[in-house]
Amino acid sequence: DSDCEPCLNYFETMQGSGKQMNELIQNLLDASQAETLQGENLVQVGLIELYEELVGIHQAEANHKRVKLVNDDINEDSIPFILTNPEWAKACINNIISNAIKYNKPGGRIELIAEQDDMEMIIRVRDNGIGISAEDQHRIFSKFFRSDDDAVRERSGHGLGLSLVNEIVKFHNGKIQLNSNPGQGSEFVISFKKENNMLKDDI
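What this report covers is the structure whose coordinates are included nearby.

Each value, and the rule that gives it
Residues numbered from 1 in each chain as written. Predicted model: local features only at pLDDT ≥ 70, side-chain atom pairs only at ≥ 80, totals over all residues. Heavy atoms only, no water. Helix = DSSP H or I, 4+ residues; strand = E, 2+ residues; numbered from the N terminus. Buried < 20%, exposed > 50% of the residue type's maximum accessible area, 1.4 Å probe, protein only. Lys, Arg positive; Asp, Glu negative; His and termini not counted. Salt bridge = Lys/Arg side-chain N within 4 Å of Asp/Glu carboxyl O. Polar contact = N/O pair within 3.5 Å; in protein donor to acceptor, adjacent residues only side chain to side chain. Contact = heavy atoms within 4.5 Å. Expected span 1.5 Å × (residues − 1). Bend = angle between axes of the 7 residues up to and from the residue.

The topology assignment puts Asp-127 in strand 5 (residues 120-127). It turns out Asp-127 is buried and unbridged, and the closest side chain with the opposite charge, Lys-105, is 7.9 Å from it. Of note is the side chain of Asp-127, whose polar atom sits 2.8 Å from the backbone nitrogen of Gly-129. Discounting chain neighbours no more than four positions away, the residues touching Asp-127 are Ala-100, Asn-104, Arg-109, Ile-110, Gln-184, Gly-185 and Ser-186.

Okay, structure coming up:
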């Protein structure tokens, strides 16, 4: 009844705060471990299988926000395996996909793309969400950075996910680049040089 409604609202608020705190603690642990990541437990990771797993993990969330996840344009035969720690590879791309869903709009689209040329292997996560201002793009990989944009502030977050992504990419001697326009979407591009021992052409 109406007498119970304030208690119910308080309980729901506490639940939400507890979930956010757990996320913050996990992100802090992940970021700390990423900074001291050692070259051990490296295995061959197939990018196709990794994409499919992450699409499965995020499909319900994407459906709820009416966002479409697409990874149909990848030619499995043309993409080499990556020598990496599978949990860190998953955490890296998972953070980008999660942000792409969070900062998208109903009816939005997220494309997962993998390609290579003679020199590099390239991973792209492209969305048509709210985008990131030029000013914020210079700070987006800094720890705890969150934009002052109202469209960002109204969504929960702690500003640690992309910092973690950056640390993992640097560990693999890779590069991460952001292409974004406010109101039009964002594209995160991760590239690895093939001469780097982190990449293998087959199992």
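Alright, that's what it looks like, and here's the rest.
So, about the environment of Glu-187. Mapped onto the secondary structure, Glu-187 falls in strand 7 (residues 185-193). For the pair Glu-187 and Glu-111, spaced 76 residues apart in sequence, the C-alpha to C-alpha distance is 9.2 Å. In contact with Glu-187, not counting residues within four places along its chain, are Arg-124, Val-125, Arg-126, Gln-177, Leu-178 and Asn-179. Within the structure, Glu-187 has its side chain in polar contact with the side chain of Arg-124 (distance 3.4 Å). Only 2.7 Å separates the side chain of Glu-187 from the side chain of Arg-126, close enough to count as a polar contact.

All right, on to helix 2 (residues 47-64) then. In a regular helix each residue adds 1.5 Å, so 18 residues correspond to 26 Å; helix 2 covers 26 Å between its end C-alpha atoms and thus fits that length. At His-58, helix 2 is deflected by roughly 50 degrees, the largest bend along its length. Looking at helix 2, one finds that the buried residues are Leu-47, Ile-48, Leu-50, Tyr-51, Leu-54, Val-55, His-58 and Ala-62. Considering only its buried residues, helix 2 is in contact with strand 1 (43-45), strand 2 (68-70), helix 3 (86-102), strand 4 (109-116) and strand 5. Directly after helix 2, the chain includes Arg-66, whose backbone phi takes a positive value near 55 degrees.

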